[in-house]
Amino acid sequence: MRKLKAKRVVIKVGTSTLVYPDGSINLRAIDQLAFVISAMRHRGREVVLVSSGAIGVGLNYMGLKQRPKAIPEQQAVAAIGQTELISIYKERFAVYEQKIGQLLLTRDIFVYPKSHHNVLNTFDALLAQNIVPIVNENDTVAVDELDHETKFGDNDQLSAIVATNIGADLLIMLSDIDGFYDGNPNGDAKANLLPHIETVNQHTYELAGGSGSRFGTGGMVTKLKAAERMLNADGQMILANGEDPSIIFQILAGEPVGTLFG
């Protein structure tokens, strides 16, 4: 059994968990996620959810088959999708008598001391009131073209930055893969799942590869960067398959699912 510190937990859920490959919303997964997190809160754990999916949900809502290429159009889709996504979350969490709050962040919030202080106070206040903060990047303003660094790059990095800044013990990263492999499991039948990685080094990065779906942006390299950030902050991260979010119960019970970094 794994030994985990998990009083304050950040859960990152990828677009692949929330949106089916055909673009429709996976309402079952969202409901299961709301159930699991609500159960965690009712048992005294502090939980922050970092949720991707705004653009994926927006594409579905607008009936679009492909992500627009123009940045303003992507921003518009994200704004539409974020509204729809948070509405779904609010509805599903309410079923389990759990209140939520929304934080849309840009990276410069953690760079400038005053905004950094303010956002940490917001997290602490929400958690103290038994509220589950749901975090996403503010895609309507965070673009590479702006003259100061606002963009996290992906929600894998966002989740690790949030986790390390709020002093989380554990980051649970739910994706469309069972964990970290020593090869590409989609093309190499001999690829082995690595259950425990103590350090992230150059060799680890060399094993990583691939990219996300047309709805998401993350790949394995971004997950390794998140793991490295957590390890540098003396935290732990678990990468696991988010197809059924109830896997979180197994993780918290110390069962050897996914890959533990730390």
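Given the structure is predicted, the values throughout are model-derived calculations rather than measurements.

Quick word on the pairing of strand E3 (residues 100-105)
- On E3, burial follows the alternation: Gly101, Leu103 and Leu105 on one face are buried, whereas Ile100, Gln102 and Leu104 on the facing-out side are not.
- For E3 and strand E4 (residues 132-137), the ladder comprises 6 bridges, and the chain directions are parallel. Among the inter-strand pairings, Gln102 is bridged to a residue of E4, identified as Ile134.
- Each parallel crossover has a hand, and for E3 linked through helix H5 (residues 113-128) to E4 it is right-handed.

Section: the side chain of Gln82
- Mapping Gln82 onto the fold places it in helix H4 (residues 71-95).
- Polar contacts involving the side chain of Gln82 include one to the side chain of Asn136, which spans 2.8 Å.
- Those residues within four positions of Gln82 in sequence are excluded, and the remaining contacts are Ala54, Gln102, Leu104 and Asn136.

Let's talk about the confidence of the model for the protein
- Across the protein, the average pLDDT comes to 87, with 90% of residues at or above 70.
- Across residues 144-150, where pLDDT falls below 50, the model places 14 contacts with residues more than four positions away in sequence or in other chains.
- Note on residues 210-218: pLDDT under 50 across the span, and 28 contacts to partners over four residues away in sequence or across chains.

A short note on the packing of helix H2 (residues 27-42) against H4
- Where H2 contacts H4, the two axes come as close as 9 Å, and the packing angle between them is 55 degrees. As summarised for this structure, H2 and H4 are arranged oblique, according to the angle between their axes. The two elements H2 and H4 cross, and the hand of that crossing is right-handed. Facing H2, whose interface residues are Leu27, Ile30, Asp31, Leu33, Ala34, Ile37 and Ser38, H4 presents Leu85, Ile88, Tyr89, Arg92 and Phe93.

Overview of the UniProt feature "binding site: ATP" (unreviewed entry) in the protein
- UniProt's entry tags Lys12, Ser175, Asp176, Thr217, Gly218, Gly219, Met220, Val221, Thr222 and Lys223 with the feature "binding site: ATP" (unreviewed entry), counted in the numbering of this structure.
- If you trace the backbone, Lys12 turns up in strand E1 (residues 8-13).
- Ignoring sequence-local partners within four residues, the contact set of Lys12 consists of Val50, Ser52, Asn155, Asp156, Ser159, Leu171, Ile172, Met173 and Leu174.

Some words on the environment of His117
- Assignment of secondary structure puts His117 in helix H5.
- For the pair His117 and Ser16, spaced 101 residues apart in the sequence, the C-alpha separation amounts to 33 Å.

A few points about the pattern of salt bridges
- For the structure shown, the criterion picks out 6 salt bridges.
- The shortest N-O distance in the salt bridge between Lys223 and Asp156 comes to 3.1 Å. With Lys223 in helix H8 (residues 220-232) and Asp156 in helix H6 (residues 155-165), this pair connects stretches of sequence that are 67 residues apart.
- Residue Lys223 is classed as buried on the basis of its relative accessible area of 7%.
- Linked through salt bridges whose partners overlap, the residues forming this network are Arg8, Glu46 and Asp124.

Analysis parameters
Residues numbered from 1 in each chain as written. Predicted model: local features only at pLDDT ≥ 70, side-chain atom pairs only at ≥ 80, totals over all residues. Heavy atoms only, no water. Buried < 20%, exposed > 50% of the residue type's maximum accessible area, 1.4 Å probe, protein only. Helix = DSSP H or I, 4+ residues; strand = E, 2+ residues; numbered from the N terminus. Pairing = 2+ DSSP bridges. Right-handed = clockwise from strand over helix to strand, strands pointing away. Polar contact = N/O pair within 3.5 Å; in protein donor to acceptor, adjacent residues only side chain to side chain. Contact = heavy atoms within 4.5 Å. pLDDT = per-residue confidence, 0-100. Axes fitted to C-alpha atoms, helices over the stretch in contact; angles between N-to-C directions. Parallel < 35°, antiparallel > 145°, perpendicular 65-115°, else oblique. Left-handed = near helix turned anticlockwise from the far one by under 90°. UniProt positions renumbered as here; feature names shortened; annotations may be inferred. Salt bridge = Lys/Arg side-chain N within 4 Å of Asp/Glu carboxyl O.

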